[in-house]
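# What the coordinates show
Chain residues, written in single-letter form:
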Amino acid sequence: MIEHEGIIDKIIGNHISVRILQQSACNACHAKGACMAADSKEKLIDVFDYTGSFRENERVIIQGKVSMGYKAVLWAFLLPLVVLVTMLVFTISVWNFSDTEAAISSILALVPYYIALYMLRNKMADSFKFTIKKTD
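To start, this report covers the structure provided alongside it. The structure displayed is predicted, hence computed values, not measured ones.

## Here's the deal with the pattern of salt bridges
Oppositely charged side chains can pair when the atoms bearing their charge come close. Here the structure, examined in full by the defined rule, presents 6 salt bridges. Salt-bridge contacts for R19 lead to D9; the nearest nitrogen and oxygen are separated by 3.7 Å. Of this pair, R19 sits in strand 2 (residues 15-23) while D9 sits in strand 1 (residues 2-12); the two residues are 10 residues apart in sequence, bridging distant segments of the chain. Look at R19 and you get partly exposed, because its relative accessible area is 26%. Of the residues examined, D9 reaches a relative accessible area of 30% and is grouped as partly exposed.

Spelled out as structure tokens, the structure:
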């Protein structure tokens, strides 16, 4: 289970927005003060709760399945890489493009992928659901 501690930002009906501080793995490193790679960002996570037992500015824990993380990596990194490499190999071997033309074509092949991803965002949001619970 993936867990993040956060603070409820606002509640509108059953819709709860939780503010979490997303930290990179470097953030726990003892040398982060001297390194420019360490970063942290605030994120808003949308959660639906029908119990009505939460209030604004309350500390909570957001939970998600590990499989959601794997799914996100698949859609955000692996599939675009497959599209990029497939197009690169196809344009060089089948169409005999130059290296520059093949590289540009491969990058442009990602445009329809990201447009399709954007258009399916609401449907994909259904498979990325978080749950909320009170801190102990």
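## Overview of the environment of L84
Relative to the assigned elements, L84 resides in helix 1 (residues 66-93). For the pair L84 and A109, spaced 25 residues apart in sequence, the C-alpha separation works out to 7.0 Å. Those residues in contact with L84 that sit more than four places away from it in its chain are S106, I107 and L110.

## Section: the side chain of S105
Tracing the backbone through its elements, the reader meets S105 in helix 2 (residues 99-119). Residue classification places S105 among the buried residues on the basis of a relative accessible area of 17%. Every residue in contact with S105, bar those within four places of it in the chain, is listed here: M87, T91 and F97.

## Examining the packing of aromatic side chains
As enumerated under the stated definition, the model contains 3 aromatic pairs in all. Here the aromatic rings of F90 and W95 are separated by 4.9 Å at their centres, their planes lie at 75 degrees, and the arrangement is edge-to-face. Look at W95 and F97: their rings are 5.5 Å apart centre to centre, the planes differ by 35 degrees, and that puts the pair in the tilted class. Three or more aromatic residues joined by ring pairs make a cluster, and in this case those are F90, W95 and F97. R121 extends its terminal NZ or CZ atom over the ring of Y118, reaching a point 4.0 Å from the ring centre.

Conventions adopted
- Residues numbered from 1 in each chain as written.
- Predicted model: local features only at pLDDT ≥ 70, side-chain atom pairs only at ≥ 80, totals over all residues.
- Heavy atoms only, no water.
- Salt bridge = Lys/Arg side-chain N within 4 Å of Asp/Glu carboxyl O.
- Helix = DSSP H or I, 4+ residues; strand = E, 2+ residues; numbered from the N terminus.
- Buried < 20%, exposed > 50% of the residue type's maximum accessible area, 1.4 Å probe, protein only.
- Contact = heavy atoms within 4.5 Å.
- Phe/Tyr/Trp six-rings, centres within 6.5 Å; stacked < 30°, edge-to-face > 60°.
- Lys NZ or Arg CZ within 6 Å of the ring centre and 35° of its normal.

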